[in-house]
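Fold and geometry: a report
The chain contents come next:
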Amino acid sequence: MGYIRLKDIRVSYDNKNNILEGLNLDIQKGELVSLLGPSGCGKTTTLRVIAGFIEPNDGQFLLEDEDLTHVPVHKRNFGLVFQSYALFPHLTVFDNVAFGLKLKKLDKNVIQEKVDAMIKACDLEGLGQRFPKELSGGQRQRVALARALVIEPKILLLDEPLSNLDAKLRINMRIEIKRIQKKLGITTIFVTHDQEECFSISDKVAVMNKGVIEQYDTPEEIYAHPKTEFVARFIGFENFIPLKKKENHVYVGENGALFHVDNDVDCQSCQATIRPDDILVITSVDNKENILKGTVEVRTFLGKSYQYEVATELGRVVVNSSNEHIYESGQDIVLLLPANKIILV
Amino acid sequence: MKKSLKYLLLVPGIVMLVVFLVMPLLSTIMPTVFDQGFSLKAYIDFFKDPYYVQIFMRTLRVSLIAAIVCIILGVPTSYFISRCHPKWRGLLMAISIFPMLTNSVIRAFAWINILGKNGVINTILMNLHIIDEPITMLYTEFSVLIGTIYLFLPLMIITLVGVMENIDNDMMEAAESLGANRLTAFFKVVLPLSLPGIIVGSVLVFTGALSAYTTPSLLGGTKNMVMATLINQKSTVLGDWTGASVIALIMIITTIVVMKVLNYIAAKLDKRGESNA
Ligand SMILES: Nc1ncnc2c1ncn2[C@@H]1O[C@H](COP(=O)(O)OP(=O)(O)OP(=O)(O)O)[C@@H](O)[C@H]1O
Ligand SMILES: [Mg+2]
């Protein structure tokens, strides 16, 4: 039983196309869960259902087994951080952060105390009297976070909160978010389409595609064992080779070549997938299995390695290989697909 | 081009300004303050005459009430329009601006038809036996006010929609997520951020109402003169051009004072010192 539960959510803006379709998600208390997926797959929509801006056409949203599907936004007490930050430009940093507390009609001294503490926790000391315009991007981001957190929300919802920051600040801020999240133990949903960002801070990741969750697992599990072709592609697998099952752990390609696979799954015909980095280019053929022969078509320089596009008997394969041996286009090479690196989808 | 030469480019503009703005203004002001030497007698006389003061006060009152009513009617309407789908927004704007496209004489006549003794309102009320005698609405300050509001509400709406369109909906949603219901969010976020627009709109409505001529002369009759109709009477009917100039100048000064006051209020309320988000 999750702390947060989305049950069979369906959302359609125009009553024709479903943006979300039968979406289910369980989140435990205190977890940081990311929604990861390409643009337009429905991440923001999912977040807005949870926040209460969208009433789903079907399905339920439960928090601690209480049905909140039809509770208006302002009664939910969830903290929201928008991609645009949405700070109130006419209020100072202090008043921005105090906004939610003032609405709760708390005592003035209590507000002062809580806001000061939050401003300190978010590393904004001395900026209380500035207006949002007078802040840097990172500072604005922290004000948005402080404003959402000071109301002691039951859930924190973040919609691509780092996408407006430069690369270095993003890394600092995501560590900062993780630190504050763990310290307060607040259940958090984080929307992003950046795989690295998502893996680095999440307890669990929900990979979304076209309105459904394709895989919901820990980052490690998703990285090592993507369950569908979509998930595999999204996290950097580029080679997909159709295979048929011969016996357990042994598969055969269209050309008759045999492949040993450590991670067997229950399927008769499926695709083997492997990352370009995990394929080895070998010179001597001493075993006959897990081997693909092919011809180099294109070579590109990536910095620490070369990338080769190789035409093989089983289709085009992309390989990354170190700079030690350089292969020319047109050259015949032999590829080894290690049994422990092949994933079946 | 030499640095000093570029100032030559200003000459045509300056000539235009002097000939068409400064000179007429001076020729308006001069006769009113010179009566065998500098004297403000003409102005003092104006404010000593209860008849004139009454007209002055009526003009101020009508303009102020018109501005306030336009704010009250314009703010919710404009907010609604600004939140509409762009497809509908254009249409709604066109409908709100439409009155501005017809001639002001015709618009005044429309109100005569509505408010008159045998007008639409009185006919309906009498037929329903709610009243026995027609109510006098036409040729009162009320009818002037109605006509003026009708005339200038579109200006307020155009100005406000322009400002409100730029208020990001995220801001409203942020306020809601922090515990504000829609109405509170409107008053705490949208209204303060629309303030620059409200000020500009009010100045437009107020100055417009202050100098409007057709509407008050057609809807106010002779008993409800305002400054603009008084100027007309002085100049073309009585041939008292100096008297007309005095009134014109009082109107200019009133306009400046009101704008200064509004700007002062705006600066007080809008602490950022800049209007845009
Ligand atoms: N108000 C709306 N009316 C109609 N369609 C909408 C609306 N908002 C979103 N959509 C559609 O719903 C789909 C999902 O949108 P959503 O904003 O949830 O995507 P997302 O996963 O957050 O993408 P991104 O990473 O680009 O932010 C998109 O195809 C989008 O065009
Ligand atoms: Mg989005």
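Residues numbered from 1 in each chain as written. Chains lettered and ligands numbered in written order. Predicted model: local features only at pLDDT ≥ 70, side-chain atom pairs only at ≥ 80, totals over all residues. Heavy atoms only, no water.

With that out of the way, let us pick up the overall build of chain A. Across its full length, chain A carries eight helices and 20 strands. Oriented by its inertia axes, the alpha-carbon framework of chain A measures out at about 80 × 45 × 35 Å. Looking at chain A residue by residue over its 345 residues, the buried ones come to 52%. Counting contacts in chain A only where the partners sit at least 6 residues apart, residues at least 24 apart contribute 64% of the total. In the form shown here, chain A has an accessible surface area of approximately 16100 Å², with 47% of it arising from carbon and sulfur atoms. (Helix = DSSP H or I, 4+ residues; strand = E, 2+ residues; numbered from the N terminus. Buried < 20%, exposed > 50% of the residue type's maximum accessible area, 1.4 Å probe, protein only. Contact = heavy atoms within 4.5 Å. Areas by Shrake-Rupley, 256 points an atom, 1.4 Å probe, with all protein chains shown as cover.)

What follows covers the nonpolar core. Core analysis: the largest hydrophobic core is formed by 106 residues, its most contacted members being A:Phe78, A:Phe88 and A:Leu157. Looking at which element gives the most residues to this core, the answer is helix α7 (residues 141–165) of chain B, with 11 residues. Setting aside chain neighbours within four positions, we find A:Phe78 in contact with A:Ile50, A:Ala51, A:Phe61, A:Leu63, A:Leu68, A:Ile151, A:Pro153, A:Lys154, A:Ile155, A:Leu157 and B:Ser177. Judged by nonpolar contacts, the second largest core, of 26 residues, contains A:Phe259, A:Ile274, A:Val281 and A:Val317. (Core = buried A, V, L, I, M, F, W, Y, C linked by side-chain atoms within 4.5 Å.)

Moving on, we come to the interface of chain A and chain B. With 20 residues of chain A at the contact, the number on the chain B side is 22 residues. For the chain A and chain B pair, buried surface summed over both sides reaches about 2000 Å², with 69% attributable to carbon and sulfur atoms. Taken together, the links from chain A to chain B amount to one salt bridge. B:Glu173 is the partner of A:Arg48 in a salt bridge, and the nearest nitrogen-oxygen pair spans 2.8 Å. In terms of residues, the side of chain A that touches chain B owes the most to one element, helix α2 (residues 93–103) of chain A, which gives three residues. Each residue belonging to the side of chain A that touches chain B can be placed in one class, and the counts come to 13 nonpolar, four polar and three charged. (Buried area = accessible area lost by both parts, 1.4 Å probe. Salt bridge = Lys/Arg side-chain N within 4 Å of Asp/Glu carboxyl O. Nonpolar A, V, L, I, M, F, W, Y, C, P; charged D, E, K, R; others polar.)

Residue and element names in this part refer to chain A. Spatially, five strands are ordered β13-β12-β11-β14-β20 in an open sheet, and the strand pairing comes out antiparallel. For this open sheet the edge positions go to β13 (258–260) and β20 (343–344), each flanked by a neighbour on one side alone. Two strands pair when backbone bridges link them, and strand β11 (residues 239–247) and strand β14 (residues 269–274) are joined in this way by six bridges, in the antiparallel orientation. Within β14, the position partnered with Phe 240 by the bridge is Thr 273. (Pairing = 2+ DSSP bridges.)

Our focus in this paragraph is the sheet that holds strand β7 (residues 155–159) of chain A. Residue and element names in this part refer to chain A. The strand order β6-β7-β8-β3-β9-β10 describes an open sheet built from six strands, whose pairing is mixed. A strand with exactly one partner marks an edge of an open sheet, and here the two such strands are β6 (79–81) and β10 (212–217). Mean inter-strand twist for the sheet, computed between neighbouring axes without regard to direction, equals 15°. Direction of pairing for strand β3 (residues 32–36) relative to strand β9 (residues 204–209): parallel, over a ladder of four bridges. Pairing of Leu 35 across the sheet is with Ala 206, part of β9. Packed on one face of the sheet, helix α4 (residues 137–149) meets β6 and β7 and runs near 165° to β6. (Axes fitted to C-alpha atoms, helices over the stretch in contact; angles between N-to-C directions.)

What follows concerns helix α3 (residues 108–121) of chain A. Residues and elements named next belong to chain A. In a regular helix each residue adds 1.5 Å, so 14 residues correspond to 20 Å; α3 covers 20 Å between its end C-alpha atoms and thus fits that length. Buried-residue contacts for α3 involve α2 and α4. Put simply, Asp 107 is the residue that caps the front of α3, since its side-chain oxygen is 3.2 Å from the backbone nitrogen of Asn 109. Positioned one or two residues after α3, Asp 123 has a phi angle of 65°, which is positive. (Expected span 1.5 Å × (residues − 1). Polar contact = N/O pair within 3.5 Å; in protein donor to acceptor, adjacent residues only side chain to side chain.)

Next up on the list: the site of ligand 1. Residues and elements named next belong to chain A. Around ligand 1 sit Tyr 13, Ile 19, Ser 39, Gly 40, Cys 41, Gly 42, Lys 43, Thr 44, Thr 45, Glu 160 and His 193, and that is every residue in its neighbourhood. Side-chain polar atom of Ser 39 to an oxygen atom of ligand 1: 2.5 Å apart, as the coordinates give it. Taking 640 Å² as the accessible area of ligand 1 by itself, protein coverage stands at 57%. The residue inventory of the shell around ligand 1, partitioned by class, reads three nonpolar, six polar and two charged. (Near = heavy atom within 4 Å.)

Another aspect to go through is the packing of α7(B) against helix α9 (residues 182–211) of chain B. All names here are of chain B. Running from N to C, α7 and α9 cross one another at 150°; their axes reach a closest spacing of 8 Å. The orientation of α7 with respect to α9, classified from their angle, is roughly antiparallel. You can see that α7 and α9 cross each other, and the crossing is right-handed. Of α9, the residues touching α7 (which contributes Thr 148, Phe 152, Leu 155, Met 156, Thr 159, Leu 160, Val 163 and Met 164) are Val 190, Leu 193, Ser 194, Gly 197, Ile 198, Val 200, Gly 201, Ser 202, Leu 204, Val 205, Gly 208 and Ala 209. Class assignment of the residues belonging to the contact of α7 with α9 gives a composition of 13 nonpolar, seven polar and no charged. (Parallel < 35°, antiparallel > 145°, perpendicular 65-115°, else oblique. Left-handed = near helix turned anticlockwise from the far one by under 90°.)

A word on the domain arrangement of chain A. Residue and element names in this part refer to chain A. When the domains of chain A are assigned, the result is domain 1 (4–229) and domain 2 (239–344). Measuring from the centre of the C-alpha atoms in domain 1 to the corresponding centre in domain 2 gives 41 Å. Contacts between domain 1 and domain 2 engage five residues on the former and five residues on the latter. Of the roughly 490 Å² buried at the junction of domain 1 and domain 2 (both faces included), carbon and sulfur atoms supply 49%. The largest share of the area that domain 1 buries against domain 2 comes from Tyr 223, His 225 and Glu 229, three residues that together contribute 74% of it. In this assembly, domain 1 and domain 2 are joined by zero salt bridges. Summed over the shared surface of domain 1 and domain 2, the number is two residue pairs in polar contact (both at pLDDT 80 or more). (Domains from an automatic or database assignment.)

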